[in-house]
Amino acid sequence: MSAVIVVGTQWGDEGKGKIIDFLSEQANMVVRHQGGNNAGHTVVSGDREYKLHLIPSGILYPDTDCVIASGVVVDPRVLLDEVDYLHQRGIQTDRLRVSSEAHLIMPYHLVFDSLAEDRLGSQKLGTTLRGVGPAYMDKASRMGVRIGDLLQPEVFRDRLSRVLAEKNHLLSKAYGRDEFDFDAMFTQYLAYGEAMKPYIANTSVIINQAIDAGRRVLFEGAQGTMLDIDHGTYPFVTSSHPIAGGACIGAGVGPTKIDQVYGVVKAYTSRVGDGPFPSELLDSVGDGIREEGHEYGTTTGRPRRIGWLDTVVLRHASRVNGLTGLAVTRLDVLDRLDTLKVAVAYRYGGDVVTELPDSLERLSSVEPVYETMQGWQRSITEVRRLEDLPSAARRYLDRIAELAEVPLALVSVGRERTSTITLQPLF
Ligand code: GDP
Ligand code: IMO
Ligand code: MG
């Protein structure tokens, strides 16, 4: 099997970076296909920790090709800084390719991200303020600038002059803000284009050629299913498609080419940013998990909201992604608890529902129905075989798979690459 998609099943930060890094050892190519540097993927290898926002987590392996495909929005300054960050750590980036079709995050996108959040006040979304939403807005309204434009100065000049006139008008007339200087932005972005030139390519062709040649291609999802613009908790979502179908769109690959879809499931739930979260823990148990798990955002440093595992969410993720296997992460973070809870349904009015409500208002007022399970109260970080896990931990995992109706593929019991239990061949 050659093409495998890895998605987040919750609200992001499930541990996708760790899982992709683990799988990358067997992969020939790793592809990022949506989102931008709103993502923060942490990879721990030996005594080194890497935080990646744009470049696929496979970059740490010297023989793995890495692709930033057309569906990603790219802040060129962040990309070039990330390339430098890797070079300083002795990691080469000559195997990186970036789509000429990918849209650019421009300086005004960051300003509009902040302005929109400020104007929403207490209704704010809690975005990462990286300009990702405004860049996707411009893409959809045919006002975007793409990476390939930077390689054709006259095309870029024409495009930027039209777009910037519109943005400056809005900034000065609607918001009373300073306008951006055309020449400075033009020169700066042409320089970015020059610096990115060795990486720029027609990535849909490259990815499809790899799959057709039987090479192992991994698609690295960013964000999570509940942040999907159509299938998440709209409007408290990101502006792209973190679900599996988004990989086909963003990479330019047909769905018939995909062999497996793994869903990364944190053994409890976290959410950074605003919006409904039925199984949220606002008590000392939640605080304890946050501290035990160092649950602070990789991108923004914000404390993550914490809750019990929610299998209504997980079943929704299984359906909209067509999951073929689960990768459960951070099981070790629950080591100290004497009991655990799992949300198995929601109470809404007088009814018990098992499917995720398709209205934000209803989702905001449901009460989770919990099943209580025994904790294992011993360290499991050193365990490498399923049968060596404490029986309570195995029961917890089995129950997750049963409720999700998706088999377990992999269990992560620590941050390290090696702290991983595999249950089936992954490719
Ligand atoms: P991503 O956005 O889905 O890639 O996740 P993040 O990197 O933002 O956050 C996940 C955090 O959990 C990172 O700090 C990882 O190093 C860490 N992590 C991943 N898997 C495990 C695990 O099984 N146990 C523990 N303790 N930490 C983990
Ligand atoms: P990874 O890939 C967690 C959240 C933000 C906010 C909402 C919209 O590390 O899992 P945006 O800046 O995208 O317009 O913000 O989405 N968000 C994430 N939350 N992990 C992420 O990425 C996220 N990327 C965006 O906090 O609620
Ligand atoms: Mg993250």
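Here the structure is a predicted model, which means the values were calculated and not measured.

Scoring rules and cut-offs
Residues numbered from 1 in each chain as written. Chains lettered and ligands numbered in written order. Predicted model: local features only at pLDDT ≥ 70, side-chain atom pairs only at ≥ 80, totals over all residues. Heavy atoms only, no water. Helix = DSSP H or I, 4+ residues; strand = E, 2+ residues; numbered from the N terminus. Contact = heavy atoms within 4.5 Å. Areas by Shrake-Rupley, 256 points an atom, 1.4 Å probe, with all protein chains shown as cover. Lys, Arg positive; Asp, Glu negative; His and termini not counted. Charge placed at Lys NZ, Arg CZ, Asp CG, Glu CD. Near = heavy atom within 4 Å. Polar contact = N/O pair within 3.5 Å; in protein donor to acceptor, adjacent residues only side chain to side chain. Nonpolar A, V, L, I, M, F, W, Y, C, P; charged D, E, K, R; others polar. Domains from an automatic or database assignment. Salt bridge = Lys/Arg side-chain N within 4 Å of Asp/Glu carboxyl O. Buried < 20%, exposed > 50% of the residue type's maximum accessible area, 1.4 Å probe, protein only. Buried area = accessible area lost by both parts, 1.4 Å probe. Axes fitted to C-alpha atoms, helices over the stretch in contact; angles between N-to-C directions. Parallel < 35°, antiparallel > 145°, perpendicular 65-115°, else oblique. Left-handed = near helix turned anticlockwise from the far one by under 90°. Donors = N, O, S within 2.8 Å, 3.2 Å for Na, K, Ca; no water.

**A few points about the overall build of the protein chain**
If you tally the helices and strands in the protein chain, you get 12 helices and 20 strands. Within the protein chain, contacts between residues separated by at least 24 positions form 76% of all contacts whose residues are at least 6 apart in sequence. Carbon and sulfur atoms provide 48% of the accessible area of the protein chain, an area that totals close to 17,400 Å². Charged side chains in the protein chain number 46 positive and 56 negative. The centres of these two groups are separated by 1 Å.

**Notes on the site of ligand 2**
Of all residues adjacent to ligand 2, which total 20 residues, the nearest are Asp 13, Lys 16, His 41, Thr 128 and Thr 238. Asp 13 places a polar main-chain atom, nitrogen or oxygen, 2.8 Å from an oxygen atom of ligand 2. Interatomic distance of 2.9 Å between a side-chain N/O atom of Arg 302 and an oxygen atom of ligand 2. Here ligand 2 has 550 Å² of accessible area as a free molecule, and 98% of this is covered by the chains. Each residue belonging to the shell around ligand 2 can be placed in one class, and the counts come to 7 nonpolar, 10 polar and 3 charged. Both domain 1 (3-93 + 202-422) and domain 2 (103-198) contribute no fewer than three residues apiece to the shell around ligand 2.

**A word on the pattern of salt bridges**
Under the counting rule described, the total for this entry stands at 24 salt bridges. Of the charged contacts in the structure, one is a salt bridge between Arg 304 and Glu 295, with a shortest N-O distance of 2.6 Å. What makes Glu 295 buried here is its relative accessible area of 0%. Here Arg 330 makes a salt bridge to Glu 295, at a shortest N to O gap of 3.0 Å.

**A look at the site of ligand 1**
Taken together, 19 residues surround ligand 1, and among them Lys 16, Thr 42, Arg 330, Asp 332 and Ser 412 come closest. In this structure, an oxygen atom belonging to ligand 1 sits 2.8 Å away from a main-chain N or O atom of Gly 15. Within the side chain of Arg 415, an N or O atom sits 3.0 Å from an oxygen atom of ligand 1. About the coverage of ligand 1: the protein hides 94% of its 580 Å² of free accessible area. Those elements that provide at least two residues to the shell around ligand 1 are helix 1 (16-24) and strand 3 (41-45).

**Topic: the domain arrangement of the protein chain**
What the domain assignment reports for the protein chain is domain 1 (3-93 + 202-422) and domain 2 (103-198). Put simply, the middle of domain 1 and the middle of domain 2, counted by C-alpha atoms, are 29 Å apart. Every contact between the two is made by 25 residues of domain 1 and, on the other side, 21 residues of domain 2. In total, domain 1 and domain 2 occlude about 1,800 Å² of area from one another, counting both sides; carbon and sulfur atoms represent 61% of this. Here Lys 124 and Asp 274 are joined by a salt bridge, their closest N and O atoms 3.1 Å apart. Where domain 1 touches domain 2, the interface holds 8 residue pairs in polar contact (both at pLDDT 80 or more).

**Re the packing of helix 3 (residues 107-120) against helix 5 (residues 153-175)**
In the contact formed by helix 3 and helix 5, the axes pass within 12 Å of each other and the chain directions differ by 30°. With respect to helix 5, the element helix 3 is oriented roughly parallel. For the crossing formed where helix 3 meets helix 5, the hand is left-handed. Across the interface between the two elements, Tyr 108, Val 111, Phe 112, Leu 115 and Arg 119 from helix 3 touch Val 163, Leu 164, Lys 167, Leu 170, Leu 171 and Tyr 175 from helix 5.

**A few points about the coordination of the magnesium ion (ligand 3)**
Listed as protein donors to the magnesium ion (ligand 3) are Asp 13 (OD) and Gly 40 (O); their distances from the metal cover 2.0 to 2.2 Å. Of this pair, Asp 13 sits in the loop between strand 1 (3-8) and helix 1 while Gly 40 sits in the loop between strand 2 (29-32) and strand 3, and the two are 27 residues apart along the sequence. Taking the relative accessible area as the measure of exposure, Asp 13 reaches 21% and is therefore partly exposed. By relative accessible area, Gly 40 is classed as buried at 11%.

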